[in-house]
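# Overview (structure and organization)
Listed below are the residues making up each chain.
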Amino acid sequence: MSRMKWDQIGERLFETGLDHGVLFPMGNDGKYAKGVPWNGLSAVNETPSGGEPNAVWADNIKYLNLMSAEDFGATVEAFTYPPEFEECDGSAEVAPGVTIGQQVRKMFGLSYRTLIGNDVVGQNYGYKLHLVYGAQASPSEKNRQTVNDSPEATAMSWSLTTTPVDVPGYKATAHMTIDSTKTNKAKLAAFEDIIYGKDADGDNAAIESRLPMPEEVIEFFKEVPPAG
């Protein structure tokens with residue numbers, strides 16, 4: 001084994017950027033509806049909480065540390081949102097073009113990409129595909145200002161809390177990531193057809209965007225051992 005080295009060419013990685021936002025509203029049947037693009041998504045600030053040590057004392061010593069459960073939350077910022085998000089934001093359309101607020105807030109799923117860069121190819125090195133489950137948006141502040149000599153687009157933000165979903169063999173989770181630099185490229189392309197949908201091509205029918213649950217994601221990316 002050779003001596004370890006730091007900051008080698010091609011190994012200076014960083015993460016940046018945000019794109020390809022997709023909203024998956026939850027239907028009344030408890031299943032996620034088809035995905036819709038979230039244009040104008042400007043930030044997803046992940047805010048996990050919990051995972052804190054709780055000391056247990058015995059025999060006049062610190063006997064052990066018990067870690068509290070972790071919880072995934074986020075703050076989403078955007079300049080606009082798809083119409084399907086209105087019900088997730090506590091609005092209901094009571095007549096064409098007329099909405100009321102302070103209604104039940106629907107749960108939803110969310111997908112977005114963050115870019116991975118390195119010192120050789122910059123931001124084109126790869127990306128991480130994020131999947132968020134069981135999200136609910138809290139009421140948020142929206143600032144309205146008059147147009148002046150320095151106009152700015154109104155930015156909106158929502159605080160998200162999540163309810164984890166089951167993952168066979170692991171603790172429940174509300175957040176998964178898929179790293180394009182570590183997964184099979186053909187499998188990733190096929191998986192993105194599920195997340196983003198795909199137009200009909202020749203004899204192949206169109207694929208409608210949907211949000212796979214963690215168990216399906218894990219099975220999809222598992223390496224199949226060679227026969228024999």
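My aim in this report is to walk through the structure given alongside it, one point at a time.

### Topic: the packing of helix α1 (residues 185-196) against helix α2 (residues 214-221)
- The N-to-C vectors of α1 and α2 enclose an angle of 155°; their axes lie 10 Å apart at closest approach. Compared by their axis directions, α1 and α2 come out roughly antiparallel. By crossing handedness, the relation of α1 to α2 is classed as right-handed. Facing α1, whose interface residues are Lys187, Leu188, Ala190, Phe191 and Ile194, α2 presents Val217, Phe220 and Phe221.

### Overview of unusual backbone geometry
- For Asp7, which is not a glycine, the phi torsion comes out positive at approximately 55°.
- For Asp7, the location among the structural elements is in the segment before β1 (14-25).
- Within the chain, His20 stands out as a residue other than glycine whose phi angle is a positive 55°.
- The topology assignment puts His20 in strand β1.

### Considerations on the pairing of strand β16 (residues 175-179)
- Most of β16 is tucked away: 4 of the 5 residues are buried.
- The pairing of strand β12 (residues 122-137) with β16 spans 5 bridges and is antiparallel. Residue pairing in the sheet places Leu129 in a bridge with Ile178 of β16.

### Thoughts on α2
- Taken residue by residue, α2 has Pro214, Val217 and Phe221 as its buried positions. Seen from one end, α2 has its buried residues packed into an arc of 60°, which puts them on one side.
- The elements touched by buried residues of α2 are β12, β14 (165-167), β16 and α1.

### Details of the layout of surface pockets
- Considering only enclosed or pocket space, the largest pocket measures out at about 320 Å³ in volume.
- Lining the largest pocket are 14 residues, with Ala69, Glu70, Asp71, Ala172 and Thr173 positioned closest to its centre.
- At 3 residues, strand β15 (residues 170-173) tops the list of elements feeding residues into the lining of the largest pocket.
- Residues of the lining of the largest pocket, tallied by class, amount to 7 nonpolar, 4 polar and 3 charged.
- For the second largest pocket, the calculated volume is near 230 Å³.

### Examining a nonpolar patch on the surface
- The grouping of Ile9, Leu13, Val120, Val121 and Tyr125 at the surface amounts to a nonpolar patch, some 490 Å² of accessible area in total.
- Its location among the elements puts Val120 in the loop between β11 (108-118) and β12.
- Taking relative accessible area as the criterion, Val120 reaches 53% and is therefore assigned exposed.

### Regarding the nonpolar core
- Membership of the largest hydrophobic core comes to 21 residues, with the highest contact counts inside it found for Trp38, Val76, Phe85, Phe108, Trp158 and Leu160.
- Contributing elements (two or more residues each) for this core: β3 (41-46), β8 (74-78), β11, β12 and β13 (156-162).
- Non-local contacts of Trp38, meaning those with residues more than four positions away in its chain, are made with Gly21, Val22, Leu23, Val76, Ala78, Thr80, Tyr81, Pro82, Phe85, Leu110 and Trp158.
- Core analysis: the next-biggest nonpolar cluster, separate from the first, contains 19 residues, Phe24, Val165, Ile194 and Leu211 among them.

### Re the packing of aromatic side chains
- One pass over the structure, following the stated rule, counts 10 aromatic pairs.
- Grouped by ring-pair contacts, the aromatic residues Trp38, Tyr81, Phe85, Phe108 and Trp158 constitute a single cluster.
- The ring of Tyr127 carries the charged tip of Arg113 above its face, separated from the ring centre by 4.3 Å.

### Notes on the side chain of His130
- As for its placement among the helices and strands, His130 is situated in strand β12.
- Within the structure, the side chain of His130 is placed 3.4 Å from the side chain of Glu46, a separation counted as a polar contact.
- Among the polar contacts listed, one links the side chain of His130 to the side chain of His175, at a separation of 3.0 Å.

### Comments concerning the environment of Leu13
- For Leu13, the position within the fold is in the segment before β1.
- For the pair Leu13 and Val167, spaced 154 residues apart in sequence, the C-alpha separation works out to 29 Å.
- Leave out the neighbours within four places in its chain, and Leu13 touches Gly117, Asn118 and Tyr125.

Conventions we followed
Residues numbered from 1 in each chain as written. Predicted model: local features only at pLDDT ≥ 70, side-chain atom pairs only at ≥ 80, totals over all residues. Heavy atoms only, no water. Axes fitted to C-alpha atoms, helices over the stretch in contact; angles between N-to-C directions. Helix = DSSP H or I, 4+ residues; strand = E, 2+ residues; numbered from the N terminus. Parallel < 35°, antiparallel > 145°, perpendicular 65-115°, else oblique. Left-handed = near helix turned anticlockwise from the far one by under 90°. Contact = heavy atoms within 4.5 Å. Buried < 20%, exposed > 50% of the residue type's maximum accessible area, 1.4 Å probe, protein only. Pairing = 2+ DSSP bridges. Arc of directions from axis to C-beta. 1 Å grid on protein atoms, 1.4 Å probe; cavity = no way out; pocket = protein on both sides within 12 Å on 5 of 7 lines; lining within 4 Å. Points joined across faces, edges and corners; volume = space filled by probe spheres on them. Nonpolar A, V, L, I, M, F, W, Y, C, P; charged D, E, K, R; others polar. Patch = residues over 30% accessible without salt bridge, like charges linked within 9 Å, V, L, I, M, F, W, Y side chains within 5 Å. Areas by Shrake-Rupley, 256 points an atom, 1.4 Å probe, with all protein chains shown as cover. Salt bridge = Lys/Arg side-chain N within 4 Å of Asp/Glu carboxyl O. Core = buried A, V, L, I, M, F, W, Y, C linked by side-chain atoms within 4.5 Å. Phe/Tyr/Trp six-rings, centres within 6.5 Å; stacked < 30°, edge-to-face > 60°. Lys NZ or Arg CZ within 6 Å of the ring centre and 35° of its normal. Polar contact = N/O pair within 3.5 Å; in protein donor to acceptor, adjacent residues only side chain to side chain.

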